[in-house]
Amino acid sequence: MWKGLRCAGLNRGNRVAIGILGGGLAGLTIAAHLERDCEVLEKESRGGGHCQTVQEQGFTYDAGGPHIIFSRNQEMVDYMVALLGDNVHRARRGNKIFYKGRYVKYPFENGLFDLDPEDRFECLYHYIKNDYPPPKTNFKEWIYHHFGKGLAEKYLIPYNEKIWNVPAEELGLEWVEGRVPKPPIEDVIKAAVGVETEGYTHQLYFHYPAHGGIESLPLAMRACVHNLVPDFNVDRVWREGNGWCVSNGQSTRRYDALVSTIPIQELAVALDGTPPEILTAVGALRYNSLVTVSIGLDSARLPDYTAIYVPDPEVRFHRLSFPAAFSPHNAPPGQSIIQAEVTTNPGDGTHEMSDEELLADVLNDLQDMDLVRRSEVCYSRVLRTKYGYVVQNDDCRRYLQRAKTYFEQIGIPLCGRVAEFEYINMDVCIERARKIADRLNREALAALAPVEVQV
C-alpha cells in the first residue's frame, strides 16, 4: 500500500540529483514521490499537461477534453480521491450515443431497445449468430469477431475510425484488452427486449473535483514539488561525464539522472547522438491532434447527460461532454456548458480550418441535434492539443519497442501517455509514475549501502 506524498527535497549545489522533463501529471507525480533532490522542467507557464483546466467567465472545463476519475483498481481511485480531500464530487455516468437522430444508451450493446426494430434485430441476431473467426492482425477483425456484423457496422467501426482517424484495419490489437470488454450474451438479449442492463460498470460511478476542474489533481502533486522551472522548453539534452545536461537554448541545467515525460518524438530530437534508426522509429509513430470547442450557454436547458458519442461521419466531432454534469460548480447558476472534441491531422481538412470556422461548424451540428440555439451562446473557445491521442496502428508496437529499449539502455526512463506512447488513463499514469519514483528511491538507497570488503 502506498503512503502519502513524500515531497521532493530541495536543490543542493549546482547539480540536482534527478531532472524530470515535463510537468504534466506523470512528471509531477514522480517528483512528489521522490526522496531525492529533483527539478521539473516544464515547457508552459504552469504544469498540468493534458490535465490543465480552463476557468473563464464562471465556466470551468478541461482544456484537453474531459478527464474523470475512475479505475478498475479501487486502490487507485481511493488514492486520487484522497489527494483531492474535500474537493471532490461523485456522479453517475449518463452517457448516450447519437444514432440516426436517437439518443441511445451507452454502451451501444446495452441500449439496443432504443434502436428501431430492424436495427435492434440485426445487432442481436449477428451477435448471437457470429461466424467471424478470431482476429489475427487488426482491430477491425477483433470487433467483428467479438460483436458481430450489426454492432460492428452500426457503431463500433464508424466511431473508432472517427476518433482514431484511420481505417480500423490499420489499428493493432495490443491496446484493446480491457478497454472494449465483450458483454455477456444475456445482457445483450436483455437490452434488446427492454430489460435494463449496464455495461462498463467500472465507469458507472466516477469522481471529479468539485471546484477547479481536473487540474486540481496535478495541483495536489505540485504542492509537494519544490522545484518546478516553468517556460523551459527542452531544446537539447546531452551527456556530461556521469551526468546529464539539459538546455533550452538560453540556460543549462545539470543532473545526475533524467526521467522523461515529454513526447517521445521531442526527446528523440533533443537528445544528442540519437541513432538514425531510432529517429526513424520515433518518426513513424502516429498520433492525432485534438481540437476542443467549448460553448457556454445563457440557459440551463441542456440534458443531464455526461457525454454523447457521435459515430456519424458527417458530423465533425466524435464526442460531446457536459462539464456541469461532472460538477455543478462548472457553470454559473442558470447557465450551462457543452464541449465538442474533434480529432485531426495535418492535411485532413479539419486541421487547416480556422478557429472561427470550426466553431461555426460545431454550432451548426449542435443546432441540428437540438442541443444549442445560437441566441443562447454567451461564451466560446477553441483549443488545440498537438499530442491528443496516440494511435497504436500495426507498426506502432515494433517501432515503439525499439525506441523505448534505446532510451532505457542509455538511462532515461519514460513515463506518461505521450512519453511511453501508450493509450493510458490517469490511474495508470499515476501508478507507473509512483513505481518509477520508488525505483529511483531504491537505487539511491542501494548506492549508499556499505560495501563489504573481504580481508
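Residues numbered from 1 in each chain as written. Predicted model: local features only at pLDDT ≥ 70, side-chain atom pairs only at ≥ 80, totals over all residues. Heavy atoms only, no water.

1. Looking at the overall build of the protein chain
Per the secondary structure count, the protein chain includes 13 helices and 17 strands. In terms of overall dimensions, the protein chain is globule-like: its C-alpha atoms have a radius of gyration of 23 Å, near the 23 Å expected for 455 residues. Taking the principal axes of its C-alpha atoms as reference, the protein chain extends roughly 85 × 55 × 45 Å. Put simply, the protein chain has 455 residues, and 55% of those count as buried. (Helix = DSSP H or I, 4+ residues; strand = E, 2+ residues; numbered from the N terminus. Rg over C-alpha atoms; globule rule 2.2 N^0.38 Å. Buried < 20%, exposed > 50% of the residue type's maximum accessible area, 1.4 Å probe, protein only.)

2. Focus on the sheet that holds strand 16 (residues 336–344)
On the basis of which strands lie adjacent, the open sheet formed by 7 strands has the order 7-6-14-15-16-13-17 and mixed pairing. Strands with a single pairing partner mark the edges of an open sheet, and in this sheet they are strand 7 (102–105) and strand 17 (377–391). In this sheet, neighbouring strand axes are inclined to one another by 25° on average, regardless of whether the strands run parallel or antiparallel. Of the pairings in the sheet, the one linking strand 13 (residues 286–297) to strand 16 comprises 9 bridges and is antiparallel in character. (Pairing = 2+ DSSP bridges. Axes fitted to C-alpha atoms, helices over the stretch in contact; angles between N-to-C directions.)

3. Brief notes about the layout of surface pockets
Picture a little ball the size of a water molecule; that probe, rolled over the atoms, points out where space is still empty. Approximately 220 Å³ is the volume attributed to the second largest pocket. Every element with two or more residues in the lining of the second largest pocket is listed here: helix 4 (139–164) and strand 16. Tallied by class, the residues present in the lining of the second largest pocket amount to 3 nonpolar, 4 polar and 4 charged. (1 Å grid on protein atoms, 1.4 Å probe; cavity = no way out; pocket = protein on both sides within 12 Å on 5 of 7 lines; lining within 4 Å. Points joined across faces, edges and corners; volume = space filled by probe spheres on them. Nonpolar A, V, L, I, M, F, W, Y, C, P; charged D, E, K, R; others polar.)

4. A word on the packing of aromatic side chains
Any two aromatic rings considered together are summarised by their centre-to-centre distance and by the angle between their planes. All chains considered together, the criterion is met by 25 aromatic pairs. Arranged with centres 5.0 Å apart and planes meeting at 50°, the rings of Phe98 and Tyr103 form a pair that is tilted. Under the relative-accessibility criterion, Phe98 is labelled buried at 15%. The partly exposed category is assigned to Tyr103, whose relative accessible area is 23%. Summarising the aromatic geometry, the rings of Trp142 and Phe147 are spaced 6.0 Å apart at their centres and angled 55° between planes, so their arrangement reads as tilted. Phe147 shares its class with Trp142; the two are buried. Taken together, the aromatic side chains of Tyr99, Tyr106, Phe108, Tyr155, Tyr159, Tyr200 and Tyr309 make up a single cluster linked through ring pairs. Arg236 extends its terminal NZ or CZ atom over the ring of Trp238, reaching a point 3.9 Å from the ring centre. The ring of Tyr399 carries Arg398 above its face, with NZ or CZ at 4.5 Å from the centroid. (Phe/Tyr/Trp six-rings, centres within 6.5 Å; stacked < 30°, edge-to-face > 60°. Lys NZ or Arg CZ within 6 Å of the ring centre and 35° of its normal.)

5. Looking at the environment of Ala331
Looking at the element boundaries, Ala331 is found in the loop between helix 9 (323–326) and strand 16. On the basis of relative accessible area, Ala331 is assigned to the buried category, the value being 10%.

6. Quick look at the sheet that holds strand 9 (residues 228–229)
Spatial strand order, 9-2-1-12-11-10: 6 strands in an open sheet with mixed pairing. Both edges of this open sheet fall to strand 9 and strand 10 (236–240), since each of them pairs with a single strand only. Alignment of strand 1 (residues 15–21) against strand 12 (residues 252–260), held across 6 bridges, turns out to be parallel. Residue pairing for strand 12: Gly19 is matched across the bridge by Leu258.

7. Observations regarding the nonpolar core
One finds Leu21, Phe108, Trp164, Val237, Val246, Ile264 and Phe407 to be the most contacted residues of the largest nonpolar core, which totals 71 residues. Sort the elements by how many residues they give to this core and helix 4 lands first, with 13 residues. Among all residues touching Val237, those that are not within four sequence positions of it are Leu21, Trp244, Cys245, Val246, Leu258, Ala270, Leu271 and Asp272. In this structure, Ala17, Ile18, Cys224 and Ala433 belong to the second largest nonpolar core, which totals 41 residues. (Core = buried A, V, L, I, M, F, W, Y, C linked by side-chain atoms within 4.5 Å. Contact = heavy atoms within 4.5 Å.)

8. Focus: the packing of helix 3 (residues 117–128) against helix 5 (residues 185–193)
Following both chains from N to C, one finds helix 3 and helix 5 inclined at 165°, their axes separated by 10 Å at the closest point. Taken together, the axis directions place helix 3 and helix 5 in an arrangement best described as roughly antiparallel. Helix 3 and helix 5 meet at a crossing whose hand is left-handed. Facing Arg120, Leu124, Tyr127 and Ile128 of helix 3, the residues of helix 5 in contact are Ile185, Val188, Ile189 and Ala192. (Parallel < 35°, antiparallel > 145°, perpendicular 65-115°, else oblique. Left-handed = near helix turned anticlockwise from the far one by under 90°.)

9. Here we look at unusual backbone geometry
Of note, the amide linkage connecting Tyr106 to Pro107 takes the cis form, showing an omega dihedral of -10°. The residue Pro107 is located in the loop between strand 7 and helix 3 in this model. We note that Gln57 has phi near 50°; this positive angle belongs to a residue other than glycine. With respect to the element layout, Gln57 can be found in the loop between strand 3 (53–56) and strand 4 (59–62). Classification of Gln57 by relative accessible area gives exposed; the value is 58%. Phi is positive for Asp370, close to 60°, though the residue is something other than glycine. Position of Asp370 among the secondary structure elements: in the loop between helix 10 (355–368) and strand 17. Owing to a relative accessible area of 54%, Asp370 belongs among the exposed residues under this scheme.

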